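Coordinates in review
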Protein chains: 4
Amino acid sequence: MEKIPVAILGATGTVGQKFIYLLENHPTFEIIELVASPRSAGNRYVDACNWKQDSPVNEKIGNLVVKTIDDRLESKILFSGMDASIAGEAETNYANLGHIVISNSKNHRMDKDVPLIIPEVNPDHFDLVKSQPYKGGIITNSNCSSMFIAMVLAPLYKKLGIEWVQVSTMQAISGAGYPGVSAMDILGNIVPFIGGEEDKVETESQKILGKLVNNQIEDAEFVISAHCNRVPVFDGHTENLTIKFKKETTVEEVKDILSNFKGIPQEKNLPFAPKNPIKVFEENDRPQPARDALFDKGMVTSVGRIRVDSIGDIKMTIMGHNTIRGAAGAAILNAETYVALGYLD
Amino acid sequence: MEKIPVAILGATGTVGQKFIYLLENHPTFEIIELVASPRSAGNRYVDACNWKQDSPVNEKIGNLVVKTIDDRLESKILFSGMDASIAGEAETNYANLGHIVISNSKNHRMDKDVPLIIPEVNPDHFDLVKSQPYKGGIITNSNCSSMFIAMVLAPLYKKLGIEWVQVSTMQAISGAGYPGVSAMDILGNIVPFIGGEEDKVETESQKILGKLVNNQIEDAEFVISAHCNRVPVFDGHTENLTIKFKKETTVEEVKDILSNFKGIPQEKNLPFAPKNPIKVFEENDRPQPARDALFDKGMVTSVGRIRVDSIGDIKMTIMGHNTIRGAAGAAILNAETYVALGYLD
Amino acid sequence: MEKIPVAILGATGTVGQKFIYLLENHPTFEIIELVASPRSAGNRYVDACNWKQDSPVNEKIGNLVVKTIDDRLESKILFSGMDASIAGEAETNYANLGHIVISNSKNHRMDKDVPLIIPEVNPDHFDLVKSQPYKGGIITNSNCSSMFIAMVLAPLYKKLGIEWVQVSTMQAISGAGYPGVSAMDILGNIVPFIGGEEDKVETESQKILGKLVNNQIEDAEFVISAHCNRVPVFDGHTENLTIKFKKETTVEEVKDILSNFKGIPQEKNLPFAPKNPIKVFEENDRPQPARDALFDKGMVTSVGRIRVDSIGDIKMTIMGHNTIRGAAGAAILNAETYVALGYLD
Amino acid sequence: MEKIPVAILGATGTVGQKFIYLLENHPTFEIIELVASPRSAGNRYVDACNWKQDSPVNEKIGNLVVKTIDDRLESKILFSGMDASIAGEAETNYANLGHIVISNSKNHRMDKDVPLIIPEVNPDHFDLVKSQPYKGGIITNSNCSSMFIAMVLAPLYKKLGIEWVQVSTMQAISGAGYPGVSAMDILGNIVPFIGGEEDKVETESQKILGKLVNNQIEDAEFVISAHCNRVPVFDGHTENLTIKFKKETTVEEVKDILSNFKGIPQEKNLPFAPKNPIKVFEENDRPQPARDALFDKGMVTSVGRIRVDSIGDIKMTIMGHNTIRGAAGAAILNAETYVALGYLD
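Residues numbered from 1 in each chain as written. Chains lettered and ligands numbered in written order. Predicted model: local features only at pLDDT ≥ 70, side-chain atom pairs only at ≥ 80, totals over all residues. Heavy atoms only, no water.

As recorded by an unreviewed UniProt entry, chain A carries the name aspartate-semialdehyde dehydrogenase and is attributed to Thiospirochaeta perfilievii. Check the Sequence similarities (unreviewed entry) section of the UniProt entry for chain A; it says "Belongs to the aspartate-semialdehyde dehydrogenase family." What the UniProt record of chain A gives under Function (unreviewed entry) is the line "Catalyzes the NADPH-dependent formation of L-aspartate-semialdehyde (L-ASA) by the reductive dephosphorylation of L-aspartyl-4-phosphate." (UniProt positions renumbered as here; feature names shortened; annotations may be inferred.)

1. Remarks on the UniProt feature "active site" (unreviewed entry) in chain A
Residue and element names in this part refer to chain A. Mapped onto this numbering, the UniProt entry gives "active site" (unreviewed entry) at C144 and H237. Taken together, the annotated residues stretch across 94 residues yet fold into one region, lying no more than 8.0 Å apart by C-alpha. Taking relative accessible area as the criterion, C144 reaches 12% and is therefore assigned buried. What C144 contacts, discounting residues up to four positions off in sequence, is E197, H237, N322 and G326. (Buried < 20%, exposed > 50% of the residue type's maximum accessible area, 1.4 Å probe, protein only. Contact = heavy atoms within 4.5 Å.)

2. Overview of unusual backbone geometry
All names here are of chain B. Of the consecutive residues Y178 and P179, the connecting peptide bond is found in the cis state with omega at 0 degrees. Looking at the secondary structure, you find P179 in the loop between β6 (162-171) and α6 (183-186). Cis geometry marks the peptide bond from R286 to P287; its omega dihedral reads 5 degrees. Of note, P287 is situated in the loop between β11 (278-280) and α10 (289-292). Unusually for a residue other than glycine, D296 sits at a positive phi of about 45 degrees. Following the sequence through the fold, D296 ends up in helix α11 (residues 295-298). (Helix = DSSP H or I, 4+ residues; strand = E, 2+ residues; numbered from the N terminus.)

3. Things to note about the interface of chain B and chain A
Counting from both sides, the interface comprises 46 residues of chain B and, opposite them, 46 residues of chain A. Carbon and sulfur atoms supply 51% of the area that chain B and chain A bury against each other, a total of about 3500 Å² over both sides. As a salt-bridge pair, B:R291 and A:D185 come within 3.0 Å of each other at their nearest N and O atoms. For the interface between chain B and chain A, the tally reads 33 residue pairs in polar contact (both at pLDDT 80 or more). For the side of chain B that touches chain A, the elements supplying multiple residues, two or more each, are β6, α6, α7 (197-208), β9 (223-230), β10 (237-245), α10, β12 (301-308) and β13 (314-320) of chain B. Considering every element that reaches the side of chain B that touches chain A, the biggest residue donor is β9(B), with seven residues. (Buried area = accessible area lost by both parts, 1.4 Å probe. Salt bridge = Lys/Arg side-chain N within 4 Å of Asp/Glu carboxyl O. Polar contact = N/O pair within 3.5 Å; in protein donor to acceptor, adjacent residues only side chain to side chain.)

4. Some remarks on the relation of the copies chain C and chain D
Laying chain C over chain D is done by rotating through 180 degrees and shifting 0.0 Å along the axis; what remains is an RMSD of 0.0 Å. Such values leave the two copies arranged in the relation of a two-fold axis. Mapped onto chain D, 100% of the interface residues of chain C again fall at the interface, so both copies present the same surface. (Least-squares fit on C-alpha atoms with pLDDT ≥ 70 in both.)

5. Observations concerning the pairing of strand β5 (residues 137-140) of chain A
All names here are of chain A. Side chains of β5 alternate between two faces, with G137 and I139 and I138 and T140 buried alike. In the sheet, strand β4 (residues 100-103) pairs with β5 via four bridges, with the strands oriented parallel. Bridging from a neighbouring strand, I100 pairs with G137 of β5. (Pairing = 2+ DSSP bridges.)

6. Observations regarding the sheet that holds strand β1 (residues 4-9) of chain B
All names here are of chain B. In spatial order, the strands read β2-β1-β3-β4-β5; together these five strands make up an open sheet with parallel pairing. Of all the strands in the sheet, the pair left with one neighbour each is β2 (29-35) and β5 (137-140). With strand direction ignored, the average angle separating the axes of adjacent strands in the sheet is 25 degrees. Across four bridges, strand β3 (residues 77-80) lies against strand β4 (residues 100-103) in parallel orientation. Following the sheet pairing, S80 is matched in β4 by S103. (Axes fitted to C-alpha atoms, helices over the stretch in contact; angles between N-to-C directions.)

7. Observations regarding the pattern of salt bridges
In the structure shown here, the tally under the stated rule is 72 salt bridges over all chains. A salt bridge links B:K244 to B:D313; the nearest nitrogen and oxygen atoms lie 3.7 Å apart. Here B:K244 is found in strand β10, whereas its partner B:D313 is found in the loop between β12 and β13, with 69 residues between them in sequence. One continuous salt-bridge network, built from bridges that share partners, spans A:K52, C:R291 and D:D185.

8. Some remarks on the domain arrangement of chain A
Residue and element names in this part refer to chain A. According to the domain assignment, chain A consists of domain 1 (4-143 + 328-340) and domain 2 (144-321). Taking only C-alpha atoms, the centre of domain 1 and the centre of domain 2 are 24 Å apart. Taken together, the contacts link 33 residues of domain 1 with 36 residues of domain 2. Roughly 2800 Å² is buried in total at the junction of domain 1 and domain 2, and carbon and sulfur atoms are behind 69% of that figure. Linking domain 1 with domain 2 are one salt bridge. Between R109 and E204 there is a salt bridge; the shortest N-O distance is 2.9 Å. Seen at the junction of domain 1 and domain 2, the total is 16 residue pairs in polar contact (both at pLDDT 80 or more). Of all the secondary-structure elements, those providing two or more residues to the side of domain 1 that touches domain 2 are α1 (14-23) and α12 (324-340). In the side of domain 1 that touches domain 2, the residues fall into 14 nonpolar, 11 polar and eight charged. (Domains from an automatic or database assignment. Nonpolar A, V, L, I, M, F, W, Y, C, P; charged D, E, K, R; others polar.)

9. Remarks on the side chain of D:D292
By the element assignment, D:D292 lies in helix α10 (residues 289-292). With sequence-adjacent residues up to four places away left out, D:D292 is seen in contact with D:F281, D:R286, D:P287, D:S302 and D:M319.

10. Side note on the sheet that holds β10(B)
Hydrogen bonds along the backbone pair up the strands of a sheet, which may run parallel or antiparallel. Residues and elements named next belong to chain B. Pairing in this open sheet of six strands is mixed, and the strands run β9-β6-β10-β13-β12-β11 from one edge to the other. The sheet is open, and its two borders are formed by β9 and β11, each paired with just one other strand. Averaged over all pairs of adjacent strands, the angle between their axes in this sheet comes to 20 degrees, without regard to strand direction. Where β11 lies against β12, three bridges are found, and the strand directions are parallel. Note on β12: the bridge partner recorded for V280 is V303.

11. Side note on the relation of the copies chain B and chain A
If you rotate chain B by 180 degrees and push it 0.0 Å along the axis, it lands on chain A with an RMSD of 0.0 Å. Taken together, the interface assignments show that 100% of the residues at the interface of chain B recur at the interface of chain A, consistent with an identical surface on both copies.

12. A word on the pairing of strand β12 (residues 301-308) of chain C
Residues and elements named next belong to chain C. With seven of its eight residues buried, β12 lies for the most part within the structure. One ladder, built from six bridges, connects β12 with strand β13 (residues 314-320); its direction is antiparallel. By the bridge assignment, G304 is partnered in β13 with T317. In sequence, β12 turns back onto β13 through a hairpin of five residues.

13. Structural notes on the side chain of B:S40
All names here are of chain B. Along the polypeptide, S40 turns up in the loop between β2 and α2 (45-48). On the accessibility criterion, S40 (4% relative accessible area) is buried. Residues contacting S40, with those up to four places away along its chain left out, are T12, A48 and V66.

14. What about the confidence of the model for chain A?
Parts of the prediction with low pLDDT should not have their coordinates interpreted in detail. Mean pLDDT for chain A: 96, with 100% of residues reaching 70 or above. Confidence metrics for the complex model read pTM 0.96 and ipTM 0.96. (pLDDT = per-residue confidence, 0-100.)

15. Things to note about the interface of chain C and chain D
With 46 residues of chain C at the interface, the matching set in chain D holds 46 residues. Between chain C and chain D lies a buried interface of about 3500 Å² when both sides are counted; carbon and sulfur atoms form 51% of it. If you sort the residues of chain C by the area they bury against chain D, C:P192, C:H227 and C:I311 come out on top, with a joint share of 17%. Where chain C packs against chain D, one counts eight salt bridges. Here D:R307 ties to C:E198 by a salt bridge, and the two come within 3.1 Å at their closest N and O atoms. For the pair chain C and chain D, the interface holds 33 residue pairs in polar contact (both at pLDDT 80 or more).

16. Some remarks on the packing of helix α5 (residues 144-160) of chain A against α12(A)
For any two helices packed against each other, one specifies the crossing angle of their axes together with the interaxial distance. Residues and elements named next belong to chain A. α12 packs onto α5 with a crossing angle of 90 degrees between their chain directions and a minimal axis gap of 8 Å. Classified by the angle between their axes, α5 and α12 sit roughly perpendicular to one another. Residues C144, M147, F148 and M151 of α5 form the contact with α12, whose own contacting residues are R325, G326 and A330. (Parallel < 35°, antiparallel > 145°, perpendicular 65-115°, else oblique.)

17. Some words on the packing of aromatic side chains
The relative placement of two aromatic rings is captured by the distance of their centres and the angle of their planes. The tally for this structure, following the rule as stated, stands at 29 aromatic pairs over all chains. Pairwise contacts between aromatic rings join A:F19, A:F29 and A:F79 into one cluster. Against the face of D:F295 rests D:K279, its NZ or CZ located 4.8 Å from the ring centre. (Phe/Tyr/Trp six-rings, centres within 6.5 Å; stacked < 30°, edge-to-face > 60°. Lys NZ or Arg CZ within 6 Å of the ring centre and 35° of its normal.)

Okay, here's the thing in structure tokens:
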């Protein structure tokens, strides 16, 4: 079978590199174009990029000559890891030209006609693309911290209803890109603030868990309150969650709901789909980012310490790989699901 | 003026070393006796101890011959950093013999007749010692994580009343003693569990903020729910707090209450008293353990990011030095206050 | 083809776990027996072991009941990660009973009749096993720090001769096992001492590069002087090397010799053989443990910054994965090579 | 006694902040002027600076209005922590205007008529200032890594002569300033390269240990070869040294020479002088940056593991605080010594 040609936008950045790293040997997508800033354009990728992954860049990719956003692209699907300072306009332009932009950038996430997708949770939201004014379309995935929260809340919301969620995050440095966080700020330290992050965590899940009615998303109605902290961890965001449900429940029921959760990516056995999107740990000291983030290709949301809470109902700790399931891997699974559902045909 | 002779129990341990380190040059206390395990006993302290502080042990102290718990002591005041496995019985024995045991161990903290003291908060609880069945007495300070919570809640509880408090802690490795946490478990990692810690955090503050009525403490009535995490930070516990008050309030009022809080240690200008027990930061990325833990001798509780919460009323991040204000320094200030209030006479 | 049944000695320890982790899905070896301390014996492995790897233990292995060193084993090949306190006698006993013990322990490494093998370097030393007084045999691999030095020196020694080598190591914490290094000692710190390590580094390479004459190894004659340091890195030992050769050479020649080095594992395309045992970096800031240790299954010795030295002739920085190529992976490749050379038949 | 008014050049940078932090309460110097980039100029220091020290900036300093390099200064002594991109010309201009520039920047260090001073080692080199073509003068201190090497070599060179020195450094992140090293590059990692550092280490000591003859410095004649590595340590450079002397010696003699070394700062009991410039450790696992860097105001060079070497004569590990004794503190002690020797009169 012929592979679908794809391009990477923002190819030299942290997320762009991760796209390239993860798509090497992908069974259905083939990278044929790379787009980066004018500074890189015209050079071979291997020369333009300060490659930071743990194996050398694929030779074929390395030899591609980097394009700019002014060049016309041939790929149907564009994976965007562009910087927020330019992603807004550039992605719109690409969509106007007929491309399907699978974006990890924050710019269009909260646009009314842009779906914010977790394919296990709200694949029906892909329909929103049809109402976009573009020849192509824009599809986004959530912020890395929101991803794991929305994934865990989704099946619980459906069965138990949710009143409120309190969350304290302990976020890895890779979430800030490169060079990102200064070592002087984080080595042996905690920074109890990440610009703009609490807003995203407090609003994205409601859209993801929202209902598509008449081509509009009605946000799910519950309150999230977040403390976001940066910690000296390389990959993997850890989050303490306390949840107040609408219905009474038990620790066992919550474990069951989470363990049994599956969606279309699992049904269709997509390449980037984890066997189970949520893994429930019984050990009392898990999940841990350094040990568990890479489980099942880094595409799993790990949950542990599910126990009764004295203010809400249940508290737990969740953790996931912020640059895979929380960014590039999420976008790839979005694209796989979009294709598998026949939207591209 | 003659100094008060004191002994250190558990002198070779982490807390014991910190007592010795902090009491060097103390204006009113003078260490004359050191007690440790039989393995160390009979040796000079400098030979018995694997000293881990950042300046060499004082020569006079280093030459003291280590005693065991079977030896009779001359000191009136004993600072105890003994391991919990033996502190319970040993401290009782010392109190029976007439010593005032200022203990950092957890064993007697929740005993009905043992005061759990923060001298800025509940110095009247010292009166409980009189009802103890001992010739001497036992006085305790709180767990290192509870300390900063109770300090911050105390003035707020008095003015605003409290319904509940949610807390997520990010605790430094020094809290686990030496060797304590394996580097394999914490380097670039988070461990979302600390044995027994959540229980202490959820119960100690209510005793500290309780009312002494008829020689009994009536616990303050509010709920605390805790997530406790170990993080790769050397010293300084950081804690995200969300509080539901009984009365309406504002961010400004909370800042005022915390900034203006003072107690007897400040009034009496005691050696280990910080100028203000609570420091309120306006910068949005503070407090940070690596930058702020040692402020004002490590005796300050730092508070930042005070803001409105959408579930409770106010959320904030607090931080303090876990082995100084949260352990050895707390005990020393307890002793200073006890003496300054004339209880020893 | 039928797989060769193997056992893991010291199965619950750090190296033992790594053996199990790496041998999952091995094409020719199948773990059928696990041996650990009496405390673990009689329990299922999954219950006996504090598993610390980054994916869950294989279910079939997890259900194996752990045996003790007093139990008779069926496996022909035994991989030993036993603690040095018992490995000496136990390995001898197993060899007497007819097993081939592939050991990562230090106890027998310097025995005159025990080969210390790097299969790319001295596979002819396997012949030494024939002169052992056992029905079976003992084969060892080097210390994790010596491994990368010997690997790099081997082809250079052959072509250029060596007078002396100075080395400063920066060794990962995983080299000390679990719990191993206290976080209090290494977080944000350097410990300029590792007990016994400098001795091993200064002597093992000469045996590995030695010549087998009349069933005896004549050590290679050059001097190694080592500084060994522990650093806050999880996996991957980095080593600064300065070398004085017997013949004149150039940076380019050294690069050529190292890049082109291959041995029997490469010729026979063994499962754990890296494509090239040595990778030469041209970037001036490589190799780095966090980026490069896992390259080609963690079986590569990375070399960078090859440049002229003003005291010796050439200096460079080398790096390898201490628990894979420097321990469990090395032992597995030893076993693969031993089998591939027909010694087991 | 009236204090000497001083200015800080590059006041908002890492070294500039350290000058301000260290000079608070200085008995003879008083900061009256701060110079920074045009972006900061005209603002109060507290508003212009992203203060990163562990106690708040002094209020009086905080209220000083920042000047630019175009403003005329009143201070006789200027401490320069200016960025190398502008320090060269700016320091020359200030010297022309009659100021004594005590510089931590690298620009003028190797100028023939600029002394590179360690006041315990070569205070006679201050005389070079007289031959400078300026109305004022420029005095420099060495690179942070060179400092500790030169300090240790100085007394050994005098008594034993030196042929060559091999050094491997493990350098703290604070040496790279702020933001400096990305956390993505150094968390749990080693970077075996620091741009320009090996050159400085290999050449500065020979000038410091050189002889002043006819107003010219004849460099000391020995070879230094360096490997420079960046490690995840906050403050404190650790260095493995191997030394070949001209005369035979013993471990004991080397210890004696180093322990007894003193200079003019000690004789004159200057405020920033450590009691002994070199501290020799007997414990085999010291010095360690996290434990020993702040010893005696951070002004000590710590030495441990002095032992016989099999290639050179003696090897050892040395360590010092890179931003205090290796930078701002060094400059302050240079100024104190310059004043104490009467050069300013």
